[in-house]
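# Architecture at a glance
Now for the letters of each chain:
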Amino acid sequence: MSTTSLAWPVKATRSFIGACERFPHSLLALLARFSIAAVFWSSGQTKVEGFVLNLVSGESVWGWPKLSDSALALFQEEYRLPFVPPEIAAPMAATAEHLLPALILIGLGTRFSALGLLGMTAVIQLFVYPGAYATHGTWAAVLLGLIVRGPGVLSLDHLLARHIQVGLR
């Protein structure tokens, strides 16, 4: 094969890579934040009664949330975490699965919230569903991306950082 015949695939590949590298991180981060928040929020919603907020279906029930009996049973019978009693683990998980995704979604304390969910993911992988590494690996990749690169400019973290920098001048 001649060098001339390889020229167009090389140019096309370089153009494609250049276009990919110009894709705004903030849009990718927003998609990552929304997606991972939806996964954990949905899981948290299965653990509470009295409060429902599903942004996708539009379903909502505005009451005071309480831990469902089925959530406690799940931690007693199926999850069985070592070192943490079900009576403590169930409300902790339900709270974390609501608070951390909400923070990630608005981009507040994003790196720390993502770190918390990454810890939950590790616990789920190691102690609850060790065979689900493909799913948990995907979650971990998204969370690590948010930890390493941050939430982008479409976030409260960015707004606060800009405000603090202006105040320090």
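Residues numbered from 1 in each chain as written. Predicted model: local features only at pLDDT ≥ 70, side-chain atom pairs only at ≥ 80, totals over all residues. Heavy atoms only, no water.

### Thoughts on the overall build of the protein
Along the protein, the regular secondary structure elements total 7 helices and 2 strands. In sequence order, the protein lays out its α and β elements as α-α-β-β-α-α-α-α-α. Along the longest, intermediate and shortest principal axes, the C-alpha atoms of the protein span 70 × 50 × 35 Å. Out of the 169 residues belonging to the protein, those deemed buried represent 28%. Across the protein, contacts joining residues at least 24 apart in sequence account for 58% of those joining residues at least 6 apart. Within the structure as shown, the protein displays about 11,000 Å² of accessible surface, and the carbon and sulfur contribution to it stands at 71%. Here the protein holds 11 positive side-chain charges and 9 negative ones, and the gap between their average locations is 23 Å. (Helix = DSSP H or I, 4+ residues; strand = E, 2+ residues; numbered from the N terminus. Buried < 20%, exposed > 50% of the residue type's maximum accessible area, 1.4 Å probe, protein only. Contact = heavy atoms within 4.5 Å. Areas by Shrake-Rupley, 256 points an atom, 1.4 Å probe, with all protein chains shown as cover. Lys, Arg positive; Asp, Glu negative; His and termini not counted. Charge placed at Lys NZ, Arg CZ, Asp CG, Glu CD.)

### Details of the layout of surface pockets
Empty space within the largest pocket amounts to approximately 450 Å³. If you go around the largest pocket, you meet 21 residues; those closest to its centre are Phe 75, Ala 93, Glu 97, Met 120 and Ile 124. Of all the elements in the fold, those that place two or more residues in the lining of the largest pocket are α2 (25-45), α3 (69-79), α4 (86-106) and α5 (110-128). Considering only enclosed or pocket space, the second largest pocket measures out at about 260 Å³ in volume. Lining the second largest pocket are 14 residues, with Ala 37, Ala 38, Trp 41, Leu 53 and Leu 55 positioned closest to its centre. (1 Å grid on protein atoms, 1.4 Å probe; cavity = no way out; pocket = protein on both sides within 12 Å on 5 of 7 lines; lining within 4 Å. Points joined across faces, edges and corners; volume = space filled by probe spheres on them.)

### Focus on the environment of Ser 113
In this fold, Ser 113 is placed in helix α5. Apart from the residues lying within four places of it in its own chain, the contact partners of Ser 113 are Leu 100, Leu 103, Ile 104 and Leu 108.

### Focus: the nonpolar core
Ile 36, Phe 40, Ile 104, Leu 117, Leu 143 and Leu 146 are the most contacted members of the largest nonpolar core, which has 22 residues in total. For this core, the elements supplying multiple residues, two or more each, are α2, α3, α4, α5 and α6 (133-149). When residues no more than four places from it in sequence are discounted, the contact partners of Leu 143 are Ile 36, Phe 40, Ile 104, Ala 114, Leu 117, Leu 118 and Thr 121. (Core = buried A, V, L, I, M, F, W, Y, C linked by side-chain atoms within 4.5 Å.)

### Concerning unusual backbone geometry
Although it is not a glycine, Arg 80 sits at a positive phi angle of roughly 40°. Along the chain, Arg 80 falls in the loop between α3 and α4. In the Ramachandran plot, Phe 83 falls in the positive-phi region, its phi being about 75° despite a non-glycine side chain. Mapping Phe 83 onto the fold places it in the loop between α3 and α4.

### Focus on α6
The end-to-end C-alpha distance of α6, which contains 17 residues, comes to 23 Å, matching closely the 24 Å that a straight helix rising 1.5 Å per residue would cover. Looking at the buried side of α6, the elements it contacts are α2, α4 and α5. Remark: Gly 150 follows α6 within two positions and exhibits a positive phi of approximately 85°. (Expected span 1.5 Å × (residues − 1).)

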